[in-house]
Protein chains: 2
Amino acid sequence: MTWLDLPTGDPFGLHNLPYGACARGLLVRVGSWAFDLTGAEAAGLVDAGGTLQARRLNPFLAGGRPLWTSVRRRLVELLTDPRHRAAVEPLLSPVDQVALELPFDVADYVDFYSSQEHATNLGRLLRPDQAPLLPNWKHLPIGYHGRAGTVVVSGTGIVRPCGQRATPDGPVFGPSVRLDIEAEVGFVIGVPSELGAPLSTADLIEHVFGAVLVNDWSARDIQAWEYQPLGPFLGKSFATSVSPWVVPLDALAAAKVAAPAQDPPVRPYLTEADRYGYDIRLEVRWNGTVVSHPPFAGLYWTPAQQLAHLTVNGASVRTGDLYASGTVSGPARDQVGSFMELTWGGTEPVTLADGSTRDFLADGDTVTIAASAPGPDGSVVGLGEVTGRIRPAAG
Amino acid sequence: MTWLDLPTGDPFGLHNLPYGACARGLLVRVGSWAFDLTGAEAAGLVDAGGTLQARRLNPFLAGGRPLWTSVRRRLVELLTDPRHRAAVEPLLSPVDQVALELPFDVADYVDFYSSQEHATNLGRLLRPDQAPLLPNWKHLPIGYHGRAGTVVVSGTGIVRPCGQRATPDGPVFGPSVRLDIEAEVGFVIGVPSELGAPLSTADLIEHVFGAVLVNDWSARDIQAWEYQPLGPFLGKSFATSVSPWVVPLDALAAAKVAAPAQDPPVRPYLTEADRYGYDIRLEVRWNGTVVSHPPFAGLYWTPAQQLAHLTVNGASVRTGDLYASGTVSGPARDQVGSFMELTWGGTEPVTLADGSTRDFLADGDTVTIAASAPGPDGSVVGLGEVTGRIRPAAG
């Protein structure tokens with residue numbers, strides 16, 4: 001349908017069209033090409049009210065659904081109608097030749113804890129003497145605020161953090177020895193809300209623009225020592241990586257699936273007239289070896305419930321807010337989203353393709369989280385990947 | 001010394017000169033006057049490289065110490081030398097006729113927990129079966145990330161948040177019934193740091209621009225139910241109020257006092273060649289009745305230690321980051337910075353001047369936190385105040 005030479009089944013076909021950014025401005029991805037949106041608007045090919053003349057997506061995100069829809073429609077037109085080919089082609093670059101940047105400025109970053117399997121696994125590992133799931137877990141989507149200023153784009157090197165950790169001889173300071181990942185999916189707010197005015201689960205579609213993949217790097221030893229009573233801080237705040245392409249919710253419409261039933265029943269503000277998750281299938285690669293396939297569809301708390309909960313106390317959301325699902329873990333060992341779970345607290349090391357074994361991350365290791373989802377008419381929607389390589393601790 | 005008609009001992013004399021913002025631009029306060037900095041720069045009276053042509057202080061904060069010093073020096077000159085009077089006078093407005101706004105855009109907001117007395121009191125109240133101070137508390141400044149997007153300027157109405165709270169019959173949803181304050185002092189980052197490059201305790205003076213008063217409103221019932229295992233979330237995220245005037249560290253130089261000795265000794269990254277706190281004296285007024293005088297000078301962890309800890313894992317700071325001390329509580333009951341402590345979990349209500357009694361906040365209540373510190377030559381540096389009135393829950 002497009003005049004571009006796209007392979008059949010390309011996960012970045014016209015049904016996807018995710019947005020990104022580079023030093024020159026904003027981009028949309030089609031196949032293996034990055035289309036220069038900023039240039040296209042400057043040339044009069046797209047009219048987005050000037051919101052594409054920016055280094056980050058925020059002004060476009062703030063434009064809201066009518067703008068998102070009209071730009072998406074126009075992009076399909078430009079890439080379909082051969083009369084536009086001569087104007088569009090000079091604005092295409094091979095995607096692997098573009099240095100992608102953080103696609104949006106992150107306002108607030110919230111991380112949830114929405115996988116029952118993950119919460120149960122961590123409960124078993126960290127509090128073996130208690131019921132693994134805490135009493136509040138099935139009543140509300142547990143979450144906390146992370147550090148927005150250290151959200152980095154995929155490919156950014158991850159310096160092993162230093163910090164305090166507990167030992168039998170008391171706390172010691174040094175590089176983390178239990179460096180881990182958390183494979184997650186994050187949602188990006190486009191349209192802000194007012195302070196004091198909670199959003200409902202039905203408001204998702206008007207306020208959320210799209211999704212990215214998230215790796216919430218975690219130093220388990222630092223986290224374990226610091227987290228009582230105010231939660232994770234330095235164990236997480238050194239870096240959170242996100243994929244460079246923001247996939248619009250529009251592209252994920254065909255990936256909607258029924259979310260797990262909830263028992264006990266949730267409070268009215270968490271109910272959903274149309275309860276669904278997204279059938280986003282993650283893949284975790286550790287130095288190239290596929291070690292896990294976390295299933296996003298199985299999360300107990302949906303993105304709509306997370307949004308309603310986040311604002312039920314009157315907190316507002318802003319353009320560029322990122323809220324992530326928390327670690328996506330399924331019931332099987334090869335479906336977990338953290339190495340803490342994969343190696344069961346480091347007690348059951350995994351063997352990688354090169355024959356080496358791992359409990360937690362070693363310096364020089366690369367972790368890539370990739371994902372895709374069903375698209376319309378049997379197509380596949382690519383969410384791309386988020387990758388990072390561990391650098392030795394500083395000093 | 002100034003040609004302005006300032007009362008002797010005015011806490012906003014030339015030794016203070018705190019910065020603020022209104023819809024027309026940036027301001028500096030002198031006595032009861034707000035001086036239009038944006039207008040002054042536009043008129044060529046001050047040269048700040050254009051950083052004063054903004055709605056918020058961030059570009060000026062990013063300018064760093066040389067800029068802060070030169071602007072401060074120039075302001076003293078303008079307000080001292082009578083030859084400038086004719087040019088400056090038209091740029092002065094009575095401060096009570098200016099609608100003050102949030103002085104800076106908040107990047108990340110971190111809240112520490114630096115008062116030993118507060119941490120001990122909360123431990124006694126919340127975990128009566130355990131040692132009140134957790135094992136990690138004296139080894140590192142405990143902190144967590146709060147919501148930057150709901151930091152509001154003093155005077156903003158505070159809508160009572162709704163949320164879930166635990167009852168003997170299970171969790172219920174509704175307006176918080178244990179709405180509280182936290183009286184704190186916050187520090188504002190001017191100069192950013194690089195990801196992966198920790199700051200030392202000695203870096204405070206180059207990176208931190210100044211201080212504000214903070215009221216971190218807290219719904220204790222929501223917080224108690226949600227906070228395990230990831231810390232406070234909706235119990236805090238509905239609103240955090242800050243004072244409208246950012247007092248430069250330069251104005252607090254005379255308020256430096258020795259900070260409490262630390263035992264056990266701290267890790268090297270938390271040591272200070274010149275260990276000091278600031279003798280900032282807070283006053284908490286509940287519907288006009290002074291109920292407490294929290295002493296900032298007594299905090300166990302200093303602002304310099306907080307900054308070093310915040311970045312020791314490689315996390316960067318950005319212009320506009322706000323990090324607050326945590327509730328300031330002294331050893332006496334009339335020195336505590338929260339009503340949870342003042343009324344001992346609501347069990348010992350206080351009587352206000354009008355004869356009414358309170359455990360936690362009632363709708364319509366107003367809380368004002370004011371503060372001052374010693375200035376040079378026996379003067380007083382005013383930090384102004386942060387105030388807020390409780391509005392009924394929505395719906």
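**Student:** Please provide a residue-by-residue account of the overall build of chain A, values included.
**Tutor:** Each helix and strand counted, chain A has ten helices and 25 strands in total. Taking 2.2 N^0.38 as the reference for a compact globule, 395 residues should give roughly 21 Å; the C-alpha atoms of chain A span a radius of gyration of 21 Å, in line with that estimate. Across its three principal axes, chain A shows a C-alpha extent of roughly 70 × 50 × 35 Å. Counting the 395 residues in chain A, one finds 63% classified as buried. For chain A, the share of sequence-separated contacts (at least 6 apart) that also reach a separation of at least 24 residues comes to 72%. Counting every atom, chain A has about 13600 Å² of accessible surface; 54% of that belongs to carbon and sulfur. Seen as two clouds, the 29 positive and the 41 negative side-chain charges of chain A have centres 1 Å apart.

**Student:** Kindly report on the interface of chain B and chain A, identifying the contributing residues and their values.
**Tutor:** Opposite the 54 residues of chain B that make contact, chain A presents 54 residues. Between chain B and chain A, roughly 5100 Å² of surface is buried when both sides are summed, and carbon and sulfur atoms account for 62% of that area. The largest contributions to the chain B side of the interface with chain A come from B:Arg147, B:Leu230 and B:Phe233, which together make up 16% of the buried area. There are two salt bridges connecting chain B and chain A. The closest approach of N and O atoms between A:Arg147 and B:Asp321, which form a salt bridge, is 2.7 Å. Our count for the chain B to chain A interface comes out at 25 residue pairs in polar contact (both at pLDDT 80 or more). Secondary-structure elements contributing two or more residues to the side of chain B that touches chain A are β5 (109-112), β6 (143-146), β9 (162-165), β10 (172-175), α7 (220-226), α8 (234-237) and α9 (303-311) of chain B. No other element matches β6(B), which puts four residues into the side of chain B that touches chain A.

**Student:** So, the layout of surface pockets: which residues are in play, and what are the values?
**Tutor:** Empty space within the second largest pocket amounts to approximately 440 Å³. If you trace the second largest pocket, you find 20 residues lining it, with A:Arg318, B:Asp105, B:Val106, B:Ala148 and B:Gly149 closest to the centre. Classifying every residue of the lining of the second largest pocket by side-chain character gives nine nonpolar, six polar and five charged.

**Student:** I'd love a proper account of the side chain of A:His207, names of residues and values included.
**Tutor:** Residue and element names in this part refer to chain A. You can see histidine 207 is positioned in helix α6 (residues 204-207). A relative accessible area of 11% means that histidine 207 is categorised as buried. Separated by 2.7 Å, the side chain of histidine 207 and the backbone oxygen of valine 191 make a polar contact. Filtering out sequence-adjacent residues up to four positions away, histidine 207 remains in contact with Trp68, Val188, Ile189, Gly190, Val191, Pro192, Ser193 and Leu199.

**Student:** Lay out the relation of the copies chain B and chain A with the relevant residues and their values.
**Tutor:** Overlaying chain B on chain A yields an RMSD of 0.0 Å, the required transformation being a rotation through 180° with an accompanying axial translation of 0.0 Å. When the rotation and shift are considered jointly, the pair of chain copies conforms to a two-fold rotation axis. Residue B:Gly231, judged by its C-alpha, is the member of chain B lying nearest the rotation axis, at 2.0 Å. Both copies contact each other with a shared surface, as 100% of the interface residues of chain B are interface residues in chain A too.

**Student:** Any details on the packing of aromatic side chains? Residues and values, ideally.
**Tutor:** Applying the stated rule across the entire model yields 28 aromatic pairs over all chains. On the basis of an interplanar angle of 65° and a centroid distance of 5.6 Å, the ring pair of A:Tyr19 and A:Phe209 is categorised as edge-to-face. Within this pair, whereas A:Tyr19 is found in strand β1 (residues 19-22), its partner A:Phe209 is found in strand β13 (residues 208-215), the two being separated by 190 residues in sequence. Take A:Tyr19 and A:Phe209: they sit in the same class, and that class is buried. An angle of 80° between the planes, with centres 5.1 Å apart, marks the rings of A:Trp68 and A:Phe209 as edge-to-face. Placement of the pair is A:Trp68 in helix α3 (residues 65-80) and A:Phe209 in strand β13, with a sequence separation of 141 residues. The ring of B:Tyr276 has B:Lys256 lying over it, and the distance from NZ or CZ to the ring centre is 4.3 Å.

**Student:** Account for the sheet that holds strand β19 (residues 281-286) of chain A, with residues named and values stated.
**Tutor:** All names here are of chain A. Read across the open sheet, the five strands follow the order β8-β25-β24-β19-β20; overall the sheet is mixed. Of all the strands in the sheet, the pair left with one neighbour each is β8 (158-159) and β20 (289-292). In terms of strand pairing, β19 meets β20 through three bridges, oriented antiparallel. In the strand pairing of β20, arginine 285 is matched with valine 290.

**Student:** With reference to specific residues and values, describe helix α9 (residues 303-311) of chain A.
**Tutor:** Residue pairs three or four apart in sequence face the same way in an α-helix, which turns once every 3.6 residues. Within α9(A), nine of the nine residues are buried, which leaves the element mostly enclosed by the surrounding structure. Here α9(A) has its buried residues at A:Pro303, A:Ala304, A:Gln305, A:Gln306, A:Leu307, A:Ala308, A:His309, A:Leu310 and A:Thr311.

**Student:** Before we move on, could you go through the side chain of B:Arg29 and cite the residues and values that matter?
**Tutor:** Structurally, B:Arg29 can be placed in strand β2 (residues 25-30). At 5.9 Å, B:Asp10 is the nearest oppositely charged side chain to B:Arg29, a buried residue that forms no salt bridge.

**Student:** Got a sec to walk through empty space enclosed by the protein? Specific residues and values, please.
**Tutor:** For the structure on display, the rule yields six cavities of 30 Å³ or more. The volume enclosed by the largest cavity comes to roughly 50 Å³. Together, A:His145, B:Tyr109, B:Tyr144, B:His145, B:Gly146, B:Arg147, B:Asp216, B:Pro232, B:Phe233, B:Lys236, B:Ser237 and B:Thr240 line the largest cavity. Elements represented by at least two residues in the lining of the largest cavity include exactly β6 and α8 of chain B. Top element by residues in the lining of the largest cavity is β6(B). It accounts for three residues. Here the residues of the lining of the largest cavity are counted per class, giving four nonpolar, five polar and three charged.

Reading guide: rules and limits
- Residues numbered from 1 in each chain as written.
- Chains lettered and ligands numbered in written order.
- Predicted model: local features only at pLDDT ≥ 70, side-chain atom pairs only at ≥ 80, totals over all residues.
- Heavy atoms only, no water.
- Helix = DSSP H or I, 4+ residues; strand = E, 2+ residues; numbered from the N terminus.
- Rg over C-alpha atoms; globule rule 2.2 N^0.38 Å.
- Buried < 20%, exposed > 50% of the residue type's maximum accessible area, 1.4 Å probe, protein only.
- Contact = heavy atoms within 4.5 Å.
- Areas by Shrake-Rupley, 256 points an atom, 1.4 Å probe, with all protein chains shown as cover.
- Lys, Arg positive; Asp, Glu negative; His and termini not counted.
- Charge placed at Lys NZ, Arg CZ, Asp CG, Glu CD.
- Buried area = accessible area lost by both parts, 1.4 Å probe.
- Salt bridge = Lys/Arg side-chain N within 4 Å of Asp/Glu carboxyl O.
- Polar contact = N/O pair within 3.5 Å; in protein donor to acceptor, adjacent residues only side chain to side chain.
- 1 Å grid on protein atoms, 1.4 Å probe; cavity = no way out; pocket = protein on both sides within 12 Å on 5 of 7 lines; lining within 4 Å.
- Points joined across faces, edges and corners; volume = space filled by probe spheres on them.
- Nonpolar A, V, L, I, M, F, W, Y, C, P; charged D, E, K, R; others polar.
- Least-squares fit on C-alpha atoms with pLDDT ≥ 70 in both.
- Phe/Tyr/Trp six-rings, centres within 6.5 Å; stacked < 30°, edge-to-face > 60°.
- Lys NZ or Arg CZ within 6 Å of the ring centre and 35° of its normal.
- Pairing = 2+ DSSP bridges.

Purely geometric stuff here, so don't read any function into it on its own.
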